[in-house]
Structures are given as structure tokens and as C-alpha cells.
Amino acid sequence: MEQTFSSFSSLGAKPRDPYTVLQNARASGRFTGLDLIRNLTTDFMELHGDRRFADDPAIVGGVGRLLGLPITVIAHEKGHDLSEKARRNFGSAHPEGYRKALRLMKQAEKFHRPVLTIVDTAGAFCGIGAEARGQGLAIAENLMEMMTLSTPVLALFIGEGGSGGALALAVADQVWMLENSVYSVISPEGCASILWKDAGKVRDACACLRMTPEDLLRLGAVERVIPESSDLEGFYAMLRQELSETFHRLLSLPSPELCQNRYGRFRKMGVFSE
Amino acid sequence: MLKKSNFKKSRNRLEGLAPDLQTDKPCIPQELCTVCPGCKTMLFSHDLEENQGICPKCGRHFRLSARQRLELICDEDSYEPWDETLTPKDPLEFPGYGAKLKTSRLRSRENEGVLTGKALIHGSPCAVFAMDAGFMMGSMGSVVGEKITRLFERATRERLPVVGCTVSGGARMQEGIYSLMQMAKTSGAVKLHSDAGLLYITVLTDPTTGGVTASFAMEGDIILAEPGALIAFAGPRVIEQTLRQKLPKGFQTAEFLLEKGFVDAVVPRDQLKDTLGRLLRLHTQEV
Ligand SMILES: [Zn+2]
């Protein structure tokens with residue numbers, strides 16, 4: 001996979017301020033998971049519920065076509081207006097959201113459909129109900145099961161990629177990030193309050209955490225950075241094309257090789273001396 | 001009874017330090033005596049250690065270091081360390097991380113937050129790991145993730161069951177995305193071990209939280225927990241800050257998780273080794 005910014009002008013030329021990237025990633029009015037689904041797929045049908053407890057509106061999923069190819073799409077959804085945001089818990093999922101995602105991934109595996117996940121969350125929800133229903137277990141099960149899912153998985157980060165709540169949809173063959181998205185082990189606010197006992201030092205924390213697409217590309221945690229454009233039609237068309245080509249290439253691999261490569265992708269991550 | 005002599009010393013590069021550092025124990029207090037936070041009784045540290053770190057009055061379980069934990073569950077002289085020379089780096093050049101690693105190594109006398117290896121438990125061979133709260137609160141960075149991954153890979157090759165004792169504050173923020181990726185890496189190794197038909201038993205001890213709870217801690221075939229242990233994805237302080245609401249008493253304890261169906265059994269420490277031995281034997285041939 002090529003690692004290049006050369007296809008677009010705003011990246012690569014000079015270093016960007018990580019805090020600006022964070023603000024862009026969180027900007028109100030930015031497209032959400034459902035916007036991406038509507039613009040990338042045709043014939044999309046949403047499928048609800050985890051079959052165990054509830055339907056979590058913070059994660060949407062279903063089947064649709066990507067340039068003709070049937071795929072499963074699973075996305076965090078933050079919502080646009082305030083009431084929808086509240087209903088969708090600002091894209092912070094409960095265990096049932098992750099369990100719905102896993103159910104749909106298993107369904108995709110059965111029919112050998114590729115899975116596109118769209119990540120945009122501040123993190124998995126921290127609350128009484130979430131804990132009582134096994135938030136940790138729900139994420140852990142996704143990590144385990146996704147690693148050996150015998151169908152292609154691609155994760156696309158479109159805004160915030162917050163910690164375990166993001167990773168639970170991102171144990172993928174490839175991870176792509178939009179130009180204005182972030183991916184981090186902890187929120188910069190959380191990091192700042194631990195490091196400097198001052199949640200206001202977000203700007204400094206952003207720089208320390210290396211959460212921008214260009215940093216993560218350099219660290220080997222993502223495969224591609226996707227340029228954004230004010231020409232939304234052109235942007236979606238390019239994305240459809242790139243995704244479709246990648247899925248066809250991944251579909252041509254035998255399943256054991258696909259899974260082996262996926263494990264190999266994560267296996268090499270980490271820095272230590274011996 | 002915890003016998004120090006049974007265990008090979010770590011090849012920690014910091015051996016040969018000042019005597020006060022050598023005897024430092026992160027969990028059972030170093031002082032001559034201590035007040036039990038459970039029942040407020042004054043306890044002699046020596047008695048506490050003799051009693052496996054359990055308060056003789058109220059049964060409160062004090063934290064054990066990784067080495068004390070392995071001494072507790074492994075047969076005498078049976079522990080053989082694996083990958084003990086792995087040491088952390090500072091890949092992001094994160095402010096203060098280098099200094100923090102240095103003090104953690106001095107204080108814990110360990111290279112990192114987990115010990116891995118092979119041992120016998122009541123005669124049954126198994127791969128074991130024990131995390132150490134004394135090393136940056138058992139947080140998971142590259143080394144913890146790598147050692148646990150290698151343990152599962154080797155256990156898969158050698159067809160060994162795995163017994164793992166967890167204690168962790170969660171992710172190691174200072175290693176950024178690499179810390180997060182360890183969750184996926186370890187989970188993948190657990191999955192391959194599991195798909196090979198091998199047994200994995202986890203023992204959740206106080207506290208097991210964050211990224212460790214959301215990965216290998218909860219992935220055991222059988223999940224045991226120590227009495228009173230805090231087991232959570234988001235710790236109580238995080239939830240109280242987020243919701244501005246006090247949590248009910250006993251929330252996120254081992255007993256709470258048992259009631260909610262997330263652990264198989266709460267096992268007091270003085271029965272832990274026998275329980276593990278029994279479970280391991282139940283997964284071998286018919287007798
Ligand atoms: Zn007591």
C-alpha cells in the first residue's frame with residue numbers, strides 16, 4: 001500500500017497543527033456516519049438490534065451496494081441536531097451497539113460480504129448501564145472475533161476515533177483516515193487532566209498523543225490518508241472507487257490468507273527493546 | 001505462605017541497588033505495620049504476608065506483586081520465565097515518560113508490568129502470566145502486549161493451557177496508539193489459542209480496568225475474580241465525573257460482576273491455587 005500525500009495539496013507540504021485537526025474532526029455540521037452511508041452506497045437497508053437487549057442508535061448498520069457490490073456497513077452515528085444527538089448518545093455506544101455490530105459482521109461473514117466500518121466516536125459510553133451490561137466484554141469480544149472474521153473488513157475514520165470504542169470497529173484489514181480525523185488511546189482532555197491536572201491544556205495533549213492521520217501513517221497504524229474536498233460529489237465518487245477496488249482485491253484472497261494478514265497487521269505493532 | 005527463595009530472580013538490569021529499594025514491595029506495605037482499610041485493624045506487615053496478603057480480621061485482599069502472585073499459584077521451583085528481557089521504549093517521546101519508566105523499574109524491580117512463563121499448578125503444566133500493579137499501575141504498553149501475545153503464541157505451539165492474573169489501570173497513555181493496538185494484538189493471540197482448542201483461565205484481581213478489561217481479561221474460557229476486586233471498563237471516578245452522580249455501593253466489584261453474569265466464580269485467595277489446579281485437571285484426560 002502506498003503511503004503518500006501527493007494526491008492532494010493540503011497535506012504533506014507543511015506540518016499541520018494537531019489541535020486544528022481535532023477541531024475539524026469534531027466540527028458541527030461535518031458529515032456523520034449515516035451521511036457517508038447514504039452517499040457511498042445504494043439500496044441501503046438498515047438492520048436494527050443486537051438480538052439480546054436493545055437497538056443502540058449510536059451505531060447504525062445494514063446492507064447496501066457499493067458500486068454494485070453488496071456490502072455490510074456499520075457506522076457510529078453522532079446525529080446532526082441536538083435532539084438527534086441526544087437520542088444517539090453523541091455516537092458513544094453501549095454494549096448493545098457493539099453486539100449489534102458483531103452480529104452484522106457475523107452475518108456478513110456468512111454471506112461472504114465485505115464489511116465497511118465507519119468510525120466516529122469520542123469513545124465507548126462510560127455509564128452505569130454500560131458497565132452493568134458488560135462494556136468491557138462487548139469490546140473484547142469484537143476484538144477477538146473480528147481478528148478471524150473470514151471476510152474483508154475495512155475501517156474508515158471520518159472524525160473522532162476514541163480509544164477502545166473506536167478499535168471495537170477497527171480490527172480491519174486496512175484502516176483509512178480522512179484528512180480531518182483523529183485516532184487516539186485517550187481523549188486529549190483526559191490526557192491533559194492526567195498529565196497536567198488541567199483539562200484545558202488540550203492543545204498540548206493533542207501534540208503529545210500523535211493522533212493526526214499523518215502521525216499515525218508514520219507510526220504504521222493506518223494504511224491511507226484520504227484527502228477531503230469541498231467538492232463533495234467528487235470526494236464521494238473517489239471514495240466509492242477506491243473502496244470498491246480495495247474490496248475486490250481483498251475478496252480475491254483466500255480466507256485463511258486474509259485472516260493471517262490481518263493478524264500480521266496488528267502483530268507487528270509496538271515498540272520495545274530486547 | 002509466600003516463599004521468596006522458590007523463585008529465580010529477574011534479570012532486571014537494576015539489580016544491585018540500595019537495600020531499601022531492593023526490599024520495596026508495591027502492594028503489601030513496606031512499613032512494619034499498617035492499618036487495614038477494610039476494618040481499621042492495625043496489622044503487622046509480616047503477618048499479612050504470612051497470610052497471603054489477606055487481612056486476618058475482615059478478609060480484605062491486599063494487592064500482590066506479580067512475583068508474589070506467581071509464588072502463590074505455582075508449584076515450588078516450577079516457574080520458568082519467558083521473554084523477561086523485554087524493556088519499554090519511549091516511541092512518542094512523551095513528556096515525562098522516560099523518567100516515569102525509570103522510577104517504576106527502581107520501585108518494582110521489574111522490567112515491565114507483566115511476568116510471563118511456564119509453570120506447574122498442582123502438577124499441571126501451563127503457561128502463566130501475572131501483571132504487576134507496582135509498574136505504572138499495570139498499564140498496557142508495547143511490552144505488556146508483546147509479552148502476553150508471545151505467551152499465547154508459544155502456548156498454542158506447545159499446546160499448553162494459559163492461566164493469567166490481571167491487574168491494570170488500563171492503557172499506557174504515554175505510548176499512544178501503540179498502547180491501543182496491544183488490545184487488538186493480544187485479543188488476536190487469545191483467539192488463535194482458543195481456536196486451537198486450548199484452555200484459558202483468567203483471574204481478575206483488584207483493580208482490572210480499561211483496555212485490559214476490554215481485551216484479554218474478559219476473554220477467558222473461565223473467568224475467576226478475587227473477592228472485592230474492582231473490575232470495570234470505565235473506573236468509578238470516570239463515571240462519577242461524567243455523570244456527576246454517586247455510584248451505588250458495591251458497583252463494579254467482583255461480587256457485582258458475578259451477580260450480573262460476567263464472571264464464573266469469586267474465589268478467595270486461599271482457595272485460588274486449589275481451584276486452578278482442579279480446573280486444569282478437569283481439562284486433561286479422563287482419570
Ligand atoms: Zn481488615
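Rules of the game
Residues numbered from 1 in each chain as written. Chains lettered and ligands numbered in written order. Predicted model: local features only at pLDDT ≥ 70, side-chain atom pairs only at ≥ 80, totals over all residues. Heavy atoms only, no water. Helix = DSSP H or I, 4+ residues; strand = E, 2+ residues; numbered from the N terminus. Rg over C-alpha atoms; globule rule 2.2 N^0.38 Å. Buried < 20%, exposed > 50% of the residue type's maximum accessible area, 1.4 Å probe, protein only. Contact = heavy atoms within 4.5 Å. Lys, Arg positive; Asp, Glu negative; His and termini not counted. Charge placed at Lys NZ, Arg CZ, Asp CG, Glu CD. Areas by Shrake-Rupley, 256 points an atom, 1.4 Å probe, with all protein chains shown as cover. Donors = N, O, S within 2.8 Å, 3.2 Å for Na, K, Ca; no water. Tetrahedral: all angles 85-135°; square planar, octahedral: opposite > 155°, others 65-115°. Axes fitted to C-alpha atoms, helices over the stretch in contact; angles between N-to-C directions. Parallel < 35°, antiparallel > 145°, perpendicular 65-115°, else oblique. Left-handed = near helix turned anticlockwise from the far one by under 90°. Nonpolar A, V, L, I, M, F, W, Y, C, P; charged D, E, K, R; others polar. Domains from an automatic or database assignment. Buried area = accessible area lost by both parts, 1.4 Å probe. Salt bridge = Lys/Arg side-chain N within 4 Å of Asp/Glu carboxyl O. Phe/Tyr/Trp six-rings, centres within 6.5 Å; stacked < 30°, edge-to-face > 60°. Lys NZ or Arg CZ within 6 Å of the ring centre and 35° of its normal. Pairing = 2+ DSSP bridges. Core = buried A, V, L, I, M, F, W, Y, C linked by side-chain atoms within 4.5 Å. pLDDT = per-residue confidence, 0-100. Polar contact = N/O pair within 3.5 Å; in protein donor to acceptor, adjacent residues only side chain to side chain.

**Side note on the overall build of chain A**
Within chain A, the regular secondary structure consists of 12 helices and 9 strands. Against the 2.2 N^0.38 benchmark of 19 Å for 274 residues, chain A shows a C-alpha radius of gyration of 18 Å, consistent with a compact globule. Expressed as lengths along the three principal axes of its C-alpha atoms, the size of chain A is roughly 50 × 50 × 45 Å. Looking at chain A as a whole, 60% of its 274 residues qualify as buried. A fraction of 72% describes how many contacts in chain A between residues 6 or more apart in sequence connect residues 24 or more apart. Each charge class in chain A was averaged separately, 31 positive and 33 negative side chains, and the resulting centres sit 2 Å apart.

**Remarks on the overall build of chain B**
For chain B, the helix and strand inventory stands at 10 helices and 10 strands. A burial count over chain B gives 60% of its 287 residues as buried. Excluding contacts between residues fewer than 6 apart, the proportion of contacts in chain B whose partners are at least 24 apart in sequence is 70%. Put simply, chain B shows about 12000 Å² of open surface, and 51% of that area lies on carbon and sulfur atoms.

**As for the coordination of the zinc ion**
Residues and elements named next belong to chain B. For the zinc ion, the full set of protein donor atoms is Cys36 (SG), Cys39 (SG), Cys55 (SG) and Cys58 (SG), at a range of 2.3 to 2.4 Å. Considering all 4 donor atoms around the zinc ion, the spread of angles at the metal, 106 to 112°, places the coordination shape in the tetrahedral class. What makes Cys58 partly exposed here is its relative accessible area of 39%.

**Comments concerning the packing of helix α12 (residues 255-267) of chain A against helix α6 (residues 176-195) of chain B**
Axis separation between α12 of chain A and α6 of chain B bottoms out at 8 Å; the angle between their running directions is 135°. The angle between α12 of chain A and α6 of chain B falls in the class oblique. Where α12 of chain A crosses over α6 of chain B, the two elements pack in a sense that is left-handed. Judged by residue contacts, Tyr263, Phe266 and Arg267 of chain A of α12 of chain A engage Met181, Ala184, Lys185, Gly188, Ala189 and Leu192 of chain B from α6 of chain B. For the contact of α12 of chain A with α6 of chain B, a count of residues per class yields 6 nonpolar, 1 polar and 2 charged.

**Structural notes on the domain arrangement of chain B**
Quite often, the size of an interface is put as the accessible area lost when its parts meet. Residues and elements named next belong to chain B. Along its sequence, chain B is carved into domain 1 (31-62) and domain 2 (63-284). Computed over C-alpha atoms only, the centres of domain 1 and domain 2 are separated by 24 Å. The partner domain 2 presents 9 residues to the 6 residues of domain 1 that form the contact. At the boundary of domain 1 with domain 2, total buried surface from both sides reaches about 580 Å², with 53% on carbon and sulfur atoms. Connecting domain 1 to domain 2 are 0 salt bridges.

**Structural notes on the packing of aromatic side chains**
By the definition in use, this model includes 7 aromatic pairs over all chains. Put simply, the rings of Phe129, Phe152, Tyr200 and Phe216 of chain B pair up and form one aromatic cluster. When the ring centre of Trp176 of chain A is taken as reference, the NZ or CZ atom of Arg224 of chain A above it lies at 4.9 Å. Looking at Arg265 of chain A, its charged tip hangs above the ring of Phe266 of chain A, at a distance of 4.9 Å from the centre.

**Considering unusual backbone geometry**
Residues and elements named next belong to chain B. Between Asp206 and Pro207 the backbone carries a cis peptide bond, its omega angle lying at -15°. Within the secondary structure, Pro207 is located in strand β8 (residues 200-208). Positive phi, normally seen in glycine, also occurs at Asp77, with a value near 60°. The phi dihedral of Met137 is positive, around 55°, even though this residue is not glycine. The exposure class of Met137 is partly exposed, given its relative accessible area of 31%.

**Some words on the interface of chain A and chain B**
Taken together, the contact pairs 46 residues of chain A with 57 residues of chain B. Each partner contributes to the roughly 4400 Å² buried at the junction of chain A and chain B, and carbon and sulfur atoms together form 73% of this total. Connecting chain A to chain B are 3 salt bridges. Two residues, Arg267 of chain A and Glu146 of chain B, come together in a salt bridge whose shortest N-O distance is 3.0 Å.

**Comments concerning the sheet that holds strand β7 (residues 162-168) of chain B**
Read from one edge to the other, the open sheet built from 7 strands follows the order β3-β5-β6-β7-β8-β9-β10 (chain B), with strand pairing classed as mixed. Across the chains shown, the open sheet's two edge strands, defined by having one partner strand only, are β3 (80-82) and β10 (265-266) of chain B.

**Digging into the nonpolar core**
Judged by nonpolar contacts, the single largest core of 109 residues is most densely connected at Ile139, Phe157, Leu167 and Tyr183 of chain A together with Phe129, Phe152 and Phe216 of chain B. Dropping the residues within four chain positions of it, Leu167 of chain A is found in contact with Leu143 and Tyr183 of chain A together with Leu180, Met181, Met183 and Ala184 of chain B. Among the nonpolar cores identified, the runner-up in size contains 31 residues, and Cys36, Leu43, Leu64 and Leu280 of chain B belong to it.

**Here we look at the confidence of the model for chain A**
On average, residues of chain A carry a pLDDT of 94, and 95% of them reach 70 or more. For residues 1-9 of chain A, every residue scores under 50 in pLDDT, and the model assigns this stretch 18 contacts once sequence neighbours within four places are set aside.

**Some remarks on the side chain of Glu131 of chain A**
Mapping Glu131 of chain A onto the fold places it in helix α5 (residues 128-132). For the buried Glu131 of chain A, which has no salt bridge, the nearest side chain bearing the opposite charge is Arg99 of chain A, at an N-O separation of 11 Å. Only 2.7 Å separates the side chain of Glu131 of chain A from the backbone nitrogen of Ala234 of chain B, close enough to count as a polar contact. Setting aside residues no more than four positions away along its own chain, Glu131 of chain A makes contact with Ala232, Phe233, Ala234, Ile239, Phe251 and Gln252 of chain B.

**A closer look at the packing of helix α2 (residues 33-40) of chain A against helix α11 (residues 232-251) of chain A**
Residue and element names in this part refer to chain A. Interaxial distance between α2 and α11 falls to 10 Å at its minimum, and their mutual angle equals 75°. Viewed along their axes, α2 and α11 adopt a mutual orientation that is roughly perpendicular. On α11, the residues touching Asp35, Leu36, Asn39 and Leu40 of α2 are Tyr236, Leu239, Arg240 and Leu243. Partitioned by chemical class, the residues of the contact of α2 with α11 number 5 nonpolar, 1 polar and 2 charged.

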